[in-house]
Amino acid sequence: LFCLVGCDENQFTDIIDENWTQDPVVCLEDTTPVTFKKVAYWTPDDSDNLELINFSSLTHINYASIVFNEDATLVTPDDIEPLEDLILLAQAQNVKVGISLGEWEDADNGNFNTIAGDKTLTKNFVSNISDFIEEYELDGVDINWQAINSEDESDNLQQLLEALSDELKEQG
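All values reported here derive from a predicted model rather than from experimental measurement.

Asker: What's the story with the environment of Asp139 in this structure? I'm lost.
Answerer: Inspection of the secondary structure assignment puts Asp139 in the loop between α4 (119–135) and β6 (140–143). Its relative accessible area of 42% is what places Asp139 among the partly exposed residues. For Asp139 and Gly98, which are 41 residues apart along the polypeptide, the C-alpha to C-alpha distance reads 5.4 Å. If we skip the residues at most four places from it in the chain, Asp139 touches Gln91, Val95, Lys96 and Val97.

Asker: Just to check I follow, could you spell out the environment of Asn113 for this structure?
Answerer: Among the structural elements, Asn113 can be located in helix α3 (residues 110–116). With 40 residues separating them along the chain, Asn113 and Glu153 place their C-alpha atoms 6.8 Å apart. Of note is the side chain of Asn113, whose polar atom sits 3.4 Å from the side chain of Glu153.

Asker: Honestly, the confidence of the model for the protein chain in this entry has me stumped. Any pointers?
Answerer: Of the residues in the protein chain, 75% reach a pLDDT of 70 or more, and the chain-wide mean stands at 81. Here strand β1 (residues 2–4) stands out as the least confident element of the protein chain, with mean pLDDT 46; α4 is the most confident, with 96. Per-residue pLDDT stays below 50 along residues 1–10; that stretch engages in 31 contacts with residues further than four places along the chain or on separate chains.

Asker: Quick question: what am I supposed to make of the environment of Ile148 here?
Answerer: On the secondary structure map, Ile148 appears in the loop between β6 and α5 (151–171). We classify Ile148 as partly exposed; its relative accessible area is 39%. For the pair Ile148 and Asn113, spaced 35 residues apart in sequence, the C-alpha separation works out to 9.6 Å. In this structure Ile148 touches Glu153, Ser154 and Leu157, once residues within four positions along its chain are discounted.

Quick notes on the rules
- Residues numbered from 1 in each chain as written.
- Predicted model: local features only at pLDDT ≥ 70, side-chain atom pairs only at ≥ 80, totals over all residues.
- Heavy atoms only, no water.
- Helix = DSSP H or I, 4+ residues; strand = E, 2+ residues; numbered from the N terminus.
- Buried < 20%, exposed > 50% of the residue type's maximum accessible area, 1.4 Å probe, protein only.
- Contact = heavy atoms within 4.5 Å.
- Polar contact = N/O pair within 3.5 Å; in protein donor to acceptor, adjacent residues only side chain to side chain.
- pLDDT = per-residue confidence, 0-100.

In structure tokens form, the structure reads like this:
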């Protein structure tokens, strides 16, 4: 479980209760309360600790990660049950569930670049993401494009995100 939370000494332990074996890092600066999203990333490798997550301390959790091919098809996990379990547990506690697309190993963003650089592939990719979100009744998607290496990539990412945003807004 990877969490992105605010700089407050108890937020990390609030999320996983007292089941963590390491002390969380505590900021030594102003921790004035701020309203923002508390997002965690969960992988099926963590399925043994899914029941340990204190969802009431989160606003969002992303299933990490769904990979995809350069032809814009999503690679559905062989065992979809952990994702379904995550969705049931999180949404029952009003936590929004999304998928994280991309993988750490694709540091050059090859598939993202191929898809975002081609209008037909972008359209298919957006459609495949939308279909996946609808099929599993998810709340959103996290695009894990690791690094932008050129102005062209930046433009392609912007166009991809705009197309995805338009599609998901239309989907509701």
